[in-house]
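# Structural overview for review
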Amino acid sequence: MSDRTLHTLNRGPQSLSLFGSMRDAISPRDSLLLIEDGVYWATAAYAEMLAGLNCDKIYQLAADADARGIQSDRIEPVDDAGFVSLTVSHQRTLSWF
């Protein structure tokens, strides 16, 4: 297991200050998983903000994106098993809510 953190973000773009705090805490070895309303960050309107994150990889929970009608070619979808795999492959998980 590497010294990496999985950040989970469950708040949408109305929470700009939360996004800013997460952006300041994330490191180049870390990953971000968008869950619940956090998948709204995957829309085209926020592509630049996500692209500006200095992290290894960005994922979105497929069930949450599907439930909200969010499609993104730039962000890798994961199912529940993929979520579990991400938590196992990272040393710690930090939830932003």
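Let me sum up the structure you'll find in this document. Being a predicted model, the structure only gives us computed values, none of them experimental.

How each quantity is defined
- Residues numbered from 1 in each chain as written.
- Predicted model: local features only at pLDDT ≥ 70, side-chain atom pairs only at ≥ 80, totals over all residues.
- Heavy atoms only, no water.
- Helix = DSSP H or I, 4+ residues; strand = E, 2+ residues; numbered from the N terminus.
- Buried < 20%, exposed > 50% of the residue type's maximum accessible area, 1.4 Å probe, protein only.
- Pairing = 2+ DSSP bridges.
- Right-handed = clockwise from strand over helix to strand, strands pointing away.
- Contact = heavy atoms within 4.5 Å.
- Phe/Tyr/Trp six-rings, centres within 6.5 Å; stacked < 30°, edge-to-face > 60°.

For the rest of this paragraph, the subject is the environment of Ala67. Tracing the backbone shows Ala67 in helix α3 (residues 62-67). Linking Ala67 and Glu36, residues 31 residues apart in sequence, is a C-alpha distance of 9.1 Å.

With four of five residues buried, strand β3 (residues 57-61) lies mostly within the body of the structure. Sheet topology places strand β2 (residues 31-34) next to β3; four bridges connect them, and they run parallel. Bridging across to β3, Leu33 finds its partner in Tyr59. Bridge analysis of β3 against strand β4 (residues 76-78) gives three bridges, and the strand direction is parallel. Within β4, the position partnered with Tyr59 by the bridge is Glu76. As for the winding sense of the linkage, the β-α-β connection from β3 through α3 to β4 is right-handed.

The next point concerns the side chain of Asn10. Residue placement: Asn10 occurs in the loop between β1 (2-9) and α1 (16-25). Sequence-distant contacts of Asn10, defined by excluding residues within four places in its chain, comprise Ile35, Glu36, Asp37, Gly38, Trp96 and Phe97.

All right, on to the packing of aromatic side chains then. Geometrically, a pair of aromatic rings is defined through the distance of the ring centres and the angle of the planes. A complete count under the given rule lists two aromatic pairs for this structure. On the numbers, 4.2 Å between centres and 25° between planes, the contact of Phe19 with Trp41 is stacked. Note that Phe19 is positioned in helix α1 and Trp41 in the loop between β2 and α2 (47-51), a separation of 22 residues in sequence. Aromatic side chains Trp41 and Tyr46 sit 5.2 Å apart centroid to centroid with 65° between the ring planes, which places their arrangement in the edge-to-face category.

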